[in-house]
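Summary of the model geometry
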Amino acid sequence: MTSEQGGTGSASPTRDELIAELLSLPAAVGQAYHGATDHVEHRLGSEEHYDQWLSAALGIAGASFRAWEAAAEYVRSSPAVLDALERPQEANTWYESGRALSAHSAALASSFFRASAGFLERRDVERLPAWISAAETLFHGTWKSGALAARFFEVSPGLLDHVRLSDLATFANFLDHVAQHSSELAEECLTMAPDSLPYVDDETIDTYLELLDETANRNWKYAKETQRAAAVALPRIARSERQRFLTFAINLAEDGGKRYLSFLAEGSRAVSDLPLHMHRQALDDFEVLCGLSEEAAVEFLRAAPHVLERIDDDNLVRWFQEGVTMLERNEAAGIAFFKLESARGEALIQELSATVSLEDVAPILQMYARGLTGGDMQLRPTPELANRSIGWATEDRASTDGTNVFLPPEIALFETKDDNFGWFKVLCTHQTGHLEFDSFTFNFDRAGNIFPLTRPALAARIAEQNEGAAPRDPVAAAPNPEMTGVTTAVLSDYERFFDLFPERRLASDLFAALEDARVDHLVRLHYRGLRPAYGMVQAAAVIGRPAPQQLPLRMALVELLIRMTLLEGDQKIPVPQSLRDVVERMAVILARLRHDEATVEDSAEATVILYRLLINVPNTMPQPDLDWEDMDLDELGGEAAQGLQEADSAQMGGEEFVPGSGTEQDVPYQSPQDVDYRGDFKPELVQTIANLRKGQQRAEDSVQAPQLTEEMVRQLLEKSAEIDLSSVVEGDIDDPSGLFISSLMSEAIEGPDAEFNDEMGEVGSGGGDGEESEESLEEQEQTALYDEWDFVALDYKPAWCRVRESTMQEGSAEFYEQTIERHAGLINEVRRQFEMMVPETYRKEKRLTDGEEFDLDAVIDAIVQRRAGATPDDKVYWRRNKTERDVAVIFLLDMSASTAEAIEERSDFDDDDEDIPDDPRQYLFWLRSRREQQKRSYLRIIDLEKESTVLLIRALETIGDQYGIYGFSGYGRENVEFYSVKGLEEQFSDRVAKRIDGITPLHATRMGPAIRHATAKLDDVSAKTKVLFLISDGRPQDRGYSREGAEKEYAVHDTHDALVQAKAKGIIPFLLTVDRAGHDYMKEMCGDLPYEVLADIELLPKRLPQLYSRLTL
Amino acid sequence: MTEQTVLKDATVMSYSEYEIEEYTIDSEPYYLPIRDEVEVFTAAYEEKIPVILKGPTGCGKTRFVEYMAWRLGRPITTVRPDGKENSHGKALVTIAAHEDLTASDLVGRFLLEGEETKWVDGPLTRAVKTGAICYLDEVVEARKDTTVLIHPLTDHRRLLPVEKRGQILEAADGFLLVISYNPGYQSALKDLKQSTRQRFVAMEFDYPPREYEAQIVLQESGVDEDSADLLARLGEKVRNLKEHGLQEGVSTRLLIYAGKLIARGVPARRACDVAISDALTDDPSVQRSIREITTSIFE
Ligand SMILES: Nc1ncnc2c1ncn2[C@@H]1O[C@H](COP(=O)(O)OP(=O)(O)OP(=O)(O)O)[C@@H](O)[C@H]1O
Ligand SMILES: [Mg+2]
């Protein structure tokens, strides 16, 4: 064009004319010109080209109204564009395209020019038209569409780093579709593109764009969300699986709706939680499930990472297949399975999982450990010990505090449950070994069985030395004799022992290694069945230990000692030849300590000997001339070396402990790496705690004896090598040692069991009489988890409901007394009726005309009589009496809100309770206002329940049946409240009478878990006849006690299941309802189990004893 | 029902039901004294002081009485509460808590023989007459009226009233009543009355200490020494579980059973399962715990 203009113009204008014309345009053009001209002139080189450039600007400016703006932009962007082009002539194409555009829209052309450099830096000039046409698809002549197209120019060059030009065209199409609905949204999508497209690679781009297109067609509103979700999702997925993942999203999107979005977001998150190599399989499985149930498929993805935490890859396949089978049989069941809300699914995971959790094996291991140690020690998870902040810090290493044994919460080291359990057993046995073989009863002054006793003499010499030394500190030089006496009396034996050593940490490490070795030896000796597992664990313990060759010398020797304690005789360890005799001596001492009769005192003496050896070895960095050589353990500690024994004995009691003459190159000594299975051995701390407790005991018994003071504990804390304060106490506490000391002291007062009250057991017996015990009883809430039956899925939801049991609060005793007065007549009647049920005490009934066997005496009498000529009595049989009465019963009272209904009003009350608020807070409010409305002048259902309870108690006390009275209510599955009015094993007392008055209407009625909890209680007692008597006023209902499409049936079915389960346990369940509409659902809820719908609620007090006596006869 | 059938049945019954065995210990029973029980018992015997043997099941009470009977050169008559297992101690496999042992079961009764009635002495009467040691095992299980019999027999009078015949028997010189009971699982209801208790000297038995028990197991079961040691060790550990899941610790008797099975070639762990863990309890988790102890101790 330029050339044409230049060539054919009648009078080709001169450069000056061109420039003048240009400058006559609005000032912006001139400004642009001045800014660009030098660079352009330089780039274009030839004058001809420069003139062409000038006239092109004029051409653009003339293309349309306000096209001068485009011209200005043309001029302004020229330097950059020319830089981007290889040859200046190529600028023609650019100019032409721009001019054509500016004929349509000056604004658009401006954007084009501005963005061109960016484009040309990335693509050839020939591709310009394609780019432009992509932008033009967006432009429909309107201002808005122009703005969008302009923005496209602006944004798109950058995108070319990630996508092809053709993809840009497709993307523009998508934008255009969106823009047809909302140009704002389209623009937002465009703006987001630079953030999302980088995550899309060559292989996925087509599918990605397809997804966008699909969205634009069906769900244009979610265009932005889709783009964002996909951008977030893609990087999470293994590269090879991205395309497929998007295809799933497209398929889901075809249904309309938003599910594909949550799939993009959550599905990708779930997949990203899987190891990369599992992505393919997970998506394969997902695909399979999509064919069956999309909901199940999505749930599967969500669940998979959690399941994989518990079982391995291969087993995931089995789990998945089981789920598919279930899904094919019953969709609800399959969905519940993949939602992880299925008891069968849970059981399967547990079966497939190799992980062994302490929770599961604790009962067995605890009993095992008690058998081994002979105490009533407890087995607890390690975090509990760490939480006590009394010196233990690690949360995963086994330990013992001298009373109880602590094990890690779970073990998943091996591929089978058996191996993991075996590891647990080794951990446990090592810890109980410390208890069984008396690590903690170390006595400073007692001799062992192997090595001669040197400790007291050593202590005396050290004391002498200290006295002889020049007094540096005048206070320390004049010790209070009384004080010293006290100190030795209360110091633990271990503390006295470790006080012998200037290098306390070294001594502590040596002792731990030696004592662990002694315990291991005795465990292996006495528990030979454990040897294979023990051997495996010990061999594994060596792997991953630091190479001695790389350690400073003294530490290398300690490391060698530890290896020697772990390895068998025929295995090898590296030995520095120049220190061979030291290693040999260590081996000999160790061999002697591994004696069937060795005691903890021998470990202590062995520590003294090894300490002497090692303290003379400088802790220098490893020297190359050490000459390491692998040696047989047998050889080292074997007979050849035994000759050294004598030397050891002779040397004993000789020189003093002088810390090794440290040289400049000495490295500070550090403790060796832990041996995992041996856990955390803290003998000094254990003895100190024991002493603290003893001191506490003495104080309580007011025995005058020296006591450990805080100050002494603080001293211990400062010197002991066993406690690392920084790890015991977390965070920035001002005085960590203060916290430590106070928890240690309170431990001594409360005893270790103060923390262990969380176990589910019987609620207090009510025997206590002080106010205090009453409070603590009420505080003590105990919880238990129960499954819930989902009748649609035909499966249990595992551990679904939490029953919280507590003792009913007490009201006044008046109610009980008044009821007795008011119903004196009825009470007498019921009592008489019950007395007739009292069992006879005879075992044999004699003189019967028929029975099990002859009564020999009667027969003889008969013969004698016949001989005498009299008519014999033919009552010659005897029979065992009917079984003795042995009944245990639980009465379960419905304490739901509806029992607040006044009885008179009952007839016009809508049974469905539909407008009772579900939210617990609203509900309470509703309840309160409702209660206020009702003047308590008339009887409520609950009052009749209470009265009936009183009558029952009177009757039951006469026949001596074992009985418990409980009330239940609650809100939601996490809060099934269960109140004990009288525990099954509790004696009747005034307090029980008062608790009856405490019975009050509360919340909802989740019957299933309450029944299950009562069933568990009955299952714990032994009685020939067991009865579970439930008194309710309406159908079971609670928040979430339902299922979509089966609101009411769900609760009814769960209750039915709980009743059937009770029956299976040999319990007679009986349901009495005062709900006259009860016939509707009672049949379904009880099936063939007995129940009664009481027509007139006022009959309750009278009817209840009748029913009871009939049930138990 | 005719008289005849009555007669016939009664006759048939009387044969099988009330047969009484006398049993003399001829060869020396193996008994390993744990403390001074032999001396104490001998002294009591010489002084005609009745003896009560207390102790858990299977700890050697019966064996001790057998041994003493042999040592003192006296025939021994043993009466089980069920009236059936009335031979020497070897028949004590299970103790059915029979509550039907009556006074006449002990003293004797009239039986029909043809058309005649005939008095037959009960085991206690026989012992009284012949001057034997009478060992009443698990006495608290018997019916209350039996204790009434015991009273005159166990104080200075040493008399046995035979009510039905209108007689009173004075015990022969060598007669001694020895009763046993297991205080472990008696409910308060079934405890011995003080008036009964205080007629006896009491000797407490318990499971033998490990070394002794190992020797007993070795001797009685014929198992090798090593296994006998381990069984005794196992016994000790399992007894630690008493009150922690087990009602009773494992008896020496069961350890001997295990030893016998091992001696017969049953693998040790298996022998311990059948003779110990499964025999002791039905609770699977307690069984499992005991099994874990077993598998730690035995290879
Ligand atoms: N001190 C002992 N010397 C020899 N054998 C013993 C000893 N103690 C126990 N036994 C062995 O234990 C077995 C069981 O003992 P025994 O039958 O005497 O028990 P028990 O105490 O009478 O039990 P129960 O109360 O169940 O009748 C005996 O057969 C015997 O083999
Ligand atoms: Mg016996």
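Figured I'd write up the structure that's included with this text. (Residues numbered from 1 in each chain as written. Chains lettered and ligands numbered in written order. Predicted model: local features only at pLDDT ≥ 70, side-chain atom pairs only at ≥ 80, totals over all residues.)

1. Here we look at the overall build of chain A
We count it as follows: Helix and strand definitions here come from DSSP, where helices need a minimum of 4 consecutive H or I residues and strands a minimum of 2 consecutive E residues; each element is numbered from the N-terminal end. Exposed residues have 12 or fewer other C-beta atoms within 10 Å of their own C-beta, buried residues have 20 or more, and partly exposed residues fall in between, where C-beta atoms are placed from the backbone. Whether two residues are in contact depends on their C-beta atoms, placed from the backbone: they are in contact if these lie within 7 Å.
Counting its secondary structure elements, chain A contains 50 helices and 18 strands. Scored against the burial criterion, the 1113 residues of chain A give a buried share of 43%. Sequence-distant contacts in chain A: of pairs separated by 6 or more residues, those separated by 24 or more amount to 77%.

2. Brief notes about the overall build of chain B
Across its full length, chain B carries 12 helices and nine strands. Taken across its 299 residues, chain B has 43% of its residues classed as buried. When contacts within chain B are restricted to residue pairs at least 6 apart in sequence, those whose partners lie at least 24 apart make up 70%.

3. Some words on the site of ligand 1
Residue and element names in this part refer to chain B. What counts here: Residue proximity rests on one test: whether the C-beta atom, placed from the backbone, lies within 6 Å of the molecule or strand. When residues are sorted by character, Ala, Val, Leu, Ile, Met, Phe, Trp, Tyr, Cys and Pro go into the nonpolar class, Asp, Glu, Lys and Arg into the charged class, and all the rest, Gly among them, into the polar class. Where each domain begins and ends is defined by an automated method or by a domain database.
By nearness alone, 23 residues border ligand 1, and T57, G60, K61, T62 and R63 come closest of all. For the shell around ligand 1, the secondary-structure elements that each account for two or more residues are α3 (61-71), α8 (210-221) and α10 (252-263). A per-class count over the shell around ligand 1 returns 10 nonpolar, eight polar and five charged. Both domain 1 (3-204) and domain 2 (210-297) contribute no fewer than three residues apiece to the shell around ligand 1.

4. Considerations on the nonpolar core
Counted only if it meets this: Definition of nonpolar core: a set of buried Ala, Val, Leu, Ile, Met, Phe, Trp, Tyr and Cys residues joined via C-beta atoms within 7 Å.
Formed by 127 residues in total, the largest nonpolar core has its most connected members in L407, F424, L510 and M586 of chain A together with V217, A258 and I276 of chain B. The element contributing the most residues to this core is helix α28 (residues 504-526) of chain A, with 11 residues. Not counting chain neighbours up to four residues away, the residues in contact with L510 of chain A comprise V558, T607, L610 and Y611 of chain A. A149, A172, L252 and A253 of chain A belong to the second largest nonpolar core, which has 120 residues in total.

5. With respect to the pairing of strand β8 (residues 176-181) of chain B
Residues and elements named next belong to chain B. Cut-off, in case you're wondering: Strands qualify as paired when DSSP identifies two bridges or more between them.
Within β8, six of the six residues are buried, which leaves the element mostly enclosed by the surrounding structure. Burial along β8 is two-sided: L176, V178 and S180 and L177, I179 and Y181, pointing in opposite directions, are all buried. Examined bridge by bridge, strand β1 (residues 51-54) and β8 share four bridges and lie parallel to one another. Paired with I52 across the strands is I179, a residue of β8. Judged from the four bridges that link them, strand β5 (residues 133-136) and β8 form a sheet pairing that is parallel. Across the sheet, the residue bridging to Y135 is V178, located in β8.

6. Re the sheet that holds strand β2 (residues 379-381) of chain A
All names here are of chain A. Spatial ordering of the open sheet is given by β2-β4-β3, a layout of three strands whose pairing is mixed. In this open sheet, the two strands that pair with only one neighbour each are β2 and β3 (399-400). In the sheet, β2 pairs with strand β4 (residues 405-407) via three bridges, with the strands oriented parallel. The residue bridging P381 from the neighbouring strand is L407, located in β4.

7. Concerning the packing of helix α31 (residues 580-593) of chain A against helix α32 (residues 600-615) of chain A
Residues and elements named next belong to chain A. Spelled out, the test is: Note on definitions: angles span 0 to 180 degrees between N-to-C directions of axes, and those axes are lines fitted to C-alpha atoms, for helices only across the stretch in contact. The scheme is simple: roughly parallel for angles under 35 degrees, roughly antiparallel for over 145, roughly perpendicular for 65 to 115, oblique for anything else.
At a minimum axis distance of 10 Å, the contact between α31 and α32 shows a crossing angle of 175 degrees. Considering their axes alone, α31 and α32 lie roughly antiparallel with respect to each other. On α32, the residues that touch V582, R585, M586, I589 and L593 of α31 are D602, S603, A606, I609, L610 and L613.

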